[in-house]
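# Descriptive analysis of the structure
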Amino acid sequence: MQTQTKSSKELIQEKWNKRPLIIGGPCSAETEEQVFETATRLAQTGKVDVLRAGIWKPRTKPGMFEGIGTKGLTWLSHAKKITGLPVTVEVATAKHVEDALHFDVDMLWVGARTTVNPFSVQEVADALRGVDIPVLIKNPINPDLELWSGGIERLQKVGLNQVGMIHRGFSSYGNTEFRNAPMWHLPIEMKRRFPDMPLICDPSHICGNRHMLQSVAQKSIDLDFDGVMIESHVDPDNAWSDAKQQVTPERLAEILDGLVWRKENTDAAEFVTALAKLREQINHLDDELMTILGQRMKVADKIGQYKKDNNITILQTNRWNEILEKAFVKGDKLGLSKEFITRYFDAIHLESINRQNKIMNS
Ligand code: PEP
Ligand code: MN
């Protein structure tokens, strides 16, 4: 009996529209067995929609594993035949695009190190002119939304009409708890700019470890992301790239099971999403307030130094009254009570005085 099978094109269409969209697979394709076993075990979970694997790896230092290259595409195409999972790879050059299309890769993504470079994004876009394939574009490594938007526009301009975004966090100097800081207000702003475009979270590259994957994935869901891309390897500890952040297919299934897709009750889901977005705004504003307060104190320090050099007292009552009076007037317009303004400015004033006192007596 002949069974009706979906064409690759129909299948990837279906996945593109599915919510949540779950992409899983190794950071890199390493060997035929590794690709095949990972794909099979991911398919067995029944929870993964698209199989990912890096074929060409942009690495920070030369001498690191830079990807298996084009021959890995034959392994992926084999894995796709056996498991029925559509496949996706990262492309950074016209040659990558050509090879990926030659081996019927179903979906492409542009990596963070490529999005930063308009020449490269344009090269990839030009190679895709007239091609009908979904393309996801990761945020650039640095927190620059114009660069991310620009990359999207370059892809759209060559006629691609299935373009999506992947949020993989932003690089920052020094040790933080994340490998790449999520800066959630940035993908939220992208969602505002491109409301109908799928937005996928990549907790693997945000975390750089295994233990935070679940909470970062959950956070993205609460912010109404459309899916996740999580790296999975049959032997994570011995992976040739990104060993620390990869999880086995079975562990990935557990993580996915633990996620709460708050969709059962639409009202509740909207409420939770709206709340998470608002909280993110608050976090962002609080962050800015702290930065500005820090700047204000530095200026106060300078004044302290100046007063010391010129032998002037720290407290000049008139000046302070003037500041307060102005703040009351402005606060009134902004709906801030006199009591709040007084307490707020008292706290700032006290801190300023303490710091200037230190400087005067140093
Ligand atoms: C990857 O997905 O393996 C990768 C290289 O990610 P990014 O472009 O986010 O660094
Ligand atoms: Mn990786």
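Residues numbered from 1 in each chain as written. Chains lettered and ligands numbered in written order. Predicted model: local features only at pLDDT ≥ 70, side-chain atom pairs only at ≥ 80, totals over all residues. Heavy atoms only, no water.

### Observations concerning a nonpolar patch on the surface
- Together, Leu289, Leu334, Leu336, Phe340 and Tyr344 make up an exposed nonpolar region whose accessible area comes to about 460 Å².
- Here Leu334 is to be found in helix α13 (residues 317-334). (Patch = residues over 30% accessible without salt bridge, like charges linked within 9 Å, V, L, I, M, F, W, Y side chains within 5 Å. Areas by Shrake-Rupley, 256 points an atom, 1.4 Å probe, with all protein chains shown as cover. Salt bridge = Lys/Arg side-chain N within 4 Å of Asp/Glu carboxyl O. Helix = DSSP H or I, 4+ residues; strand = E, 2+ residues; numbered from the N terminus.)

### With respect to the site of ligand 1
- All residues adjacent to ligand 1 are Cys27, Arg52, Lys57, Glu90, Trp109, Gly111, Ala112, Arg113, Lys138, Arg168, His205 and Glu231.
- At 2.8 Å, a side-chain N or O of Lys57 approaches an oxygen atom of ligand 1.
- Within the side chain of Arg113, a nitrogen or oxygen atom sits 2.8 Å from an oxygen atom of ligand 1.
- Bound to the protein, ligand 1 loses 97% of the 290 Å² it would expose on its own.
- Across the shell around ligand 1, the residue classes tally to three nonpolar, two polar and seven charged. (Near = heavy atom within 4 Å. Polar contact = N/O pair within 3.5 Å; in protein donor to acceptor, adjacent residues only side chain to side chain. Nonpolar A, V, L, I, M, F, W, Y, C, P; charged D, E, K, R; others polar.)

### Topic: the pattern of salt bridges
- Applying the stated criterion to the full structure yields 23 salt bridges.
- Glu250 is the salt-bridge partner of Arg41, the closest N and O atoms lying 2.8 Å from each other. Highlighted residues: Arg41 in helix α2 (residues 32-45) and Glu250 in helix α11 (residues 249-258), separated in sequence by 209 residues.
- Take Glu250: its relative accessible area is 37%, and that puts it in the partly exposed class. (Buried < 20%, exposed > 50% of the residue type's maximum accessible area, 1.4 Å probe, protein only.)

### A closer look at the coordination of the manganese ion (ligand 2)
- Protein coordination at the manganese ion (ligand 2) comes from Cys27 (SG), His205 (NE2), Glu231 (OE) and Asp242 (OD), with a distance range of 2.1 to 2.4 Å.
- One chain supplies every donor to the manganese ion (ligand 2), and in sequence these donors are spaced C-x177-H-x25-E-x10-D. One end of the pair, Cys27, is in the loop between β1 (21-25) and α2; the other, Asp242, is in the loop between β8 (227-231) and α11, with 215 residues separating them in the sequence.
- Residue Asp242 is classed as buried on the basis of its relative accessible area, which comes to 16%. (Donors = N, O, S within 2.8 Å, 3.2 Å for Na, K, Ca; no water.)

### Description of the sheet that holds strand β6 (residues 163-167)
- Overall, parallel pairing links the eight strands, which are arranged β1-β2-β3-β4-β5-β6-β7-β8 in a closed barrel. Neighbour-to-neighbour, the strand axes of the sheet open up by a mean angle of 25°, direction not taken into account.
- Examined bridge by bridge, β1 and strand β2 (residues 50-52) share two bridges and lie parallel to one another. Of the residues in β2, the one forming a bridge with Ile23 is Val50.
- Against the sheet, helix α7 (residues 145-157) contacts β5 (135-138) and β6, and its axis sits at roughly 155° relative to β6. (Pairing = 2+ DSSP bridges. Axes fitted to C-alpha atoms, helices over the stretch in contact; angles between N-to-C directions. Contact = heavy atoms within 4.5 Å.)

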